[in-house]
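Chain by chain, the residues run as shown.
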Amino acid sequence: MTTRKPTTVVHGLSFDIEEAFHALNMWTATPPETWDDQPSRVEQVVDGILSLLDERGLKATFFVLGLVAEARPAVVRRIVEAGHELASHGYSHRMAGDLGREGFEQDVRRARGLLQDVSGVEVAGFRASTFSIGRGTRWALPIVSRAGHAWDSSVFPVRHDRYGDPDWPSEPVHLDLHDDQGRAPPLREYPLLTRRLLGRSWPAAGGGYLRLLPFGVVDGALRASAARGQPGVVYLHPWELDPGQPRHDLGGLRTLRHYSGLQRMGERLRTLLDRHAFGPIGDIPVPDDRRLDPARLPD
Ligand SMILES: [Zn+2]
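Residues numbered from 1 in each chain as written. Predicted model: local features only at pLDDT ≥ 70, side-chain atom pairs only at ≥ 80, totals over all residues. Heavy atoms only, no water.

## Points about the environment of P246
Mapping P246 onto the fold places it in the loop between β12 (233-236) and α8 (252-259). With 47 residues separating them in the primary sequence, P246 and G199 have C-alpha atoms 40 Å apart. If we skip the residues at most four places from it in the chain, P246 touches P39, R41 and Y259. (Helix = DSSP H or I, 4+ residues; strand = E, 2+ residues; numbered from the N terminus. Contact = heavy atoms within 4.5 Å.)

The structure is reproduced here in structure tokens:
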């Protein structure tokens, strides 16, 4: 394995801080009404991530779920004390489309207030549960900006069964947002990393794509993005670095999605960190002339 970093493009490294049982894929086995009784494993895994980043002198973005901040406030404080960027993953881990406009607004505002109270720092970044801002839910973006966020990283510019916005540009942009309440404050959007192949954009942003697909998919997408001078955004969940987590019977495809590749994920993350330059998402500059009015995209 080479440790050479061939370019100076700094990609965004992020962790969505939630328990395994918060993942939508798990809800058949661990529906929300059982969450209070599920064993928590997030704290020990986050400590491992913080040690790994500390060893390498790396800073990253941590999107913390409101439910986690409420139950484990010490985790939030350790993330901030270690010098990482604290961002919001919403409160309840419900998807924007399921919450609806009013429910989404309450969820987003509650999470940001809670994280700021617990940490004492201002929260500028947001990521919706399960990348659930995209085609059909672009109305969520002015709500994110009016809640006080300066940037968002919820849009996955791909076709997918659960999320995605295939018409969305792959590079970070400044958004011009307006709705029936008028213009919304400025918001930068950092979409999740994709790779252009055979006339289509394919997801390559870490997470399940790093765990389940050949290593070259995410590694190659980062390299291709850097070659264009464009930083990419990748994500991981703590539970993806926790092979010792309790097993639930989720049925065929869901079981594969959740449990495959857990043993190799730590090594794959280390190799990515060896090969590419990473930093917090909010530090990625967006050129002034790169602007998008989402209302102009096809519905
Ligand atoms: Zn999540």
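## Regarding the pairing of strand β1 (residues 10-17)
Burial within β1 is extensive, with seven of its eight residues counted as buried. Across three bridges, β1 lies against strand β13 (residues 277-279) in parallel orientation. Along β13, the bridge assignment pairs H11 with F278. Here four bridges tie β1 to β12, and the two strands are oriented parallel to one another. Looking at β12, one finds that G12 is bridged to V233. Pairing of β1 with strand β2 (residues 61-64), which is carried by four bridges, proceeds in the parallel orientation. Looking at β2, one finds that D16 is bridged to F63. Handedness of the crossover joining β1 and β2 through helix α1 (residues 42-55): right-handed. (Buried < 20%, exposed > 50% of the residue type's maximum accessible area, 1.4 Å probe, protein only. Pairing = 2+ DSSP bridges. Right-handed = clockwise from strand over helix to strand, strands pointing away.)

## Some words on the side chain of Q230
Looking at where Q230 falls in the secondary structure, it is placed in the loop between α7 (216-227) and β12. Residue Q230 is classed as buried on the basis of its relative accessible area of 10%. For Q230, the side chain forms a polar contact with the main-chain oxygen of S170, separated by 3.3 Å. (Polar contact = N/O pair within 3.5 Å; in protein donor to acceptor, adjacent residues only side chain to side chain.)

## Digging into the layout of surface pockets
Each pocket or cavity is described by its volume, and for the largest pocket that value is around 630 Å³. Forming the walls of the largest pocket are 30 residues, and the residues nearest its centre are H160, Y163, G208, Y209 and Y235. Only β10 (194-197), β11 (200-203), α6 (207-212) and α8 provide two or more residues apiece to the lining of the largest pocket. No other element matches α6, which puts five residues into the lining of the largest pocket. Residue composition of the lining of the largest pocket, by class: 14 nonpolar, nine polar and seven charged. Its boundaries defined by the atoms lining it, the second largest pocket holds a volume of some 410 Å³. For the lining of the second largest pocket, the secondary-structure elements that each account for two or more residues are α4 (96-119), α5 (140-146) and β7 (178-179). The element contributing the most residues to the lining of the second largest pocket is α4, with three residues. A per-class count over the lining of the second largest pocket returns seven nonpolar, four polar and ten charged. (1 Å grid on protein atoms, 1.4 Å probe; cavity = no way out; pocket = protein on both sides within 12 Å on 5 of 7 lines; lining within 4 Å. Points joined across faces, edges and corners; volume = space filled by probe spheres on them. Nonpolar A, V, L, I, M, F, W, Y, C, P; charged D, E, K, R; others polar.)

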